[in-house]
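# Report on the structure
What follows is the residue order along each chain.
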Amino acid sequence: MYELRICHLYPNLLNLYGDIGNIKALKKRSEWRGMSAKIINLTIGESFVPENYDIVFLGGGQDYEQEIAQNDLLKQKSNEIKNAIKSDKVFLCICGGYQMLGKYYKTWDGKEIEFLGALDLWTIGSKKRMVGNIVFQCDFLQSEDCDGRIVGFENHSGKTYLGPEVKPLGKVLKGYGNNGEDGCEGAIYKNVYCSYSHGSLLPKNPALADHLITKALKQKYKDFTCLSQLDDKFERLAHDSMIKRVIGK
């Protein structure tokens, strides 16, 4: 039987807007297929051993909580996380977790805050918040059963910009995305997936959840080929109704 071990980094600090929904979606969609899925919570002061996990999740938080997590990331877990990314470990990082993988955050008044530097991206603070439902197109998810459109909810004031080695997760159809300027949302580097879309991301977008599970299983098991199909009637209804609400079609 296939098994997934999912590491939830700082669940007591970085869990805004139902980000734990992403963890629950990964777990249930694995279990519904007869697989074992174990969630391991890891927080301040605890060692991160990449070999122990198949998927790593890092959510978003308020400034105070992010500052606490950032200090631990830089001093306690920096090298291990960078090594995990280099070795193609699957990551899902949301909002603040997304920003913290980058090089730095420059506040709107010019103060530069050092981040992990694991990905070639950076964030510039803005006085204006970018809030609301978002729809973006992920071409790599397109199939007979999925048109590649992803729906979610964003709430951030930081504007993130990607370096040449990092690709956007998708193209914005409605909303702000990374910065409200270049039409891009999120980031992909190796097996790291980042987004400004919060906790409804995977529950409302089962194709993306399955993509991450598939990536992780292919990394772990040489004999794994593809996931069995699930009856996603209700998930698709939630997804399609939100798409219609946000963009009208």
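What counts, and where the lines are drawn
- Residues numbered from 1 in each chain as written.
- Predicted model: local features only at pLDDT ≥ 70, side-chain atom pairs only at ≥ 80, totals over all residues.
- Heavy atoms only, no water.
- Buried < 20%, exposed > 50% of the residue type's maximum accessible area, 1.4 Å probe, protein only.
- Helix = DSSP H or I, 4+ residues; strand = E, 2+ residues; numbered from the N terminus.
- Pairing = 2+ DSSP bridges.
- Contact = heavy atoms within 4.5 Å.
- Phe/Tyr/Trp six-rings, centres within 6.5 Å; stacked < 30°, edge-to-face > 60°.
- Axes fitted to C-alpha atoms, helices over the stretch in contact; angles between N-to-C directions.

### Considering the pairing of strand 12 (residues 192-195)
Every second residue of strand 12 is oriented toward a common face, with V192 and C194 on one face and Y193 and S195 on the other, all of them buried. Bridge count between strand 4 (residues 90-94) and strand 12: four bridges; the pairing is parallel. Across the sheet, I94 pairs through a bridge with S195, a residue of strand 12. Where strand 11 (residues 187-189) folds back onto strand 12 in an antiparallel hairpin, the turn is made up of two residues, including K190, whose phi is positive at roughly 55 degrees.

### Re the environment of D139
Examined against the element boundaries, D139 turns out to sit in the loop between strand 7 (121-137) and strand 8 (149-162). We classify D139 as exposed; its relative accessible area is 56%. Remark: the alpha-carbon pair of D139 and G170, spanning 31 residues in sequence, is separated by 7.3 Å.

### Examining the side chain of Q99
Assignment of secondary structure puts Q99 in helix 3 (residues 96-100). Residues within four places of Q99 in sequence aside, it is in contact with Q66, Y105, F115, L121, T123, G158, T160 and Y196.

### Remarks on the environment of P206
As for its position among the elements, P206 is in helix 5 (residues 206-220). A relative accessible area of 10% places P206 in the buried class. In sequence terms P206 and I6 are 200 residues apart; their C-alpha atoms lie 17 Å from each other.

### Brief notes about unusual backbone geometry
Non-glycine residue Y10 carries a positive phi angle of around 55 degrees. The topology assignment puts Y10 in the loop between strand 1 (3-9) and helix 1 (20-31). Despite not being glycine, C95 shows a phi value in the positive range, around 50 degrees. Position of C95 among the secondary structure elements: in the loop between strand 4 and helix 3. Assessed through its relative accessible area of 9%, C95 is described here as buried.

### Some points on the packing of aromatic side chains
In this structure the tally under the stated criterion is six aromatic pairs. Centroid distance Y2 to F224: 5.5 Å. Interplanar angle 85 degrees. Geometry classified as edge-to-face. Here Y2, found in the segment before strand 1, pairs with F224, found in the loop between helix 5 and helix 6 (233-247); they are 222 residues apart in sequence, far enough to count as distant. An aromatic cluster of three or more residues is present, and its members are Y2, Y221 and F224.

### Description of the sheet that holds strand 2 (residues 36-42)
The strand order across the open sheet built from six strands is 2-1-3-4-12-11, with neighbouring strands paired in mixed fashion. Because the sheet does not close on itself, it has two edges, and the strands there are strand 2 and strand 11. Ignoring which end each strand starts from, the neighbouring axes of this sheet average 15 degrees apart. Sitting on the sheet, helix 1 touches strand 1, strand 2, strand 3 (55-58) and strand 4, and the angle it makes with strand 1 is about 175 degrees. Sitting on the sheet, helix 5 is in contact with strand 1, strand 3, strand 4 and strand 12, with an inclination near 115 degrees to strand 1.

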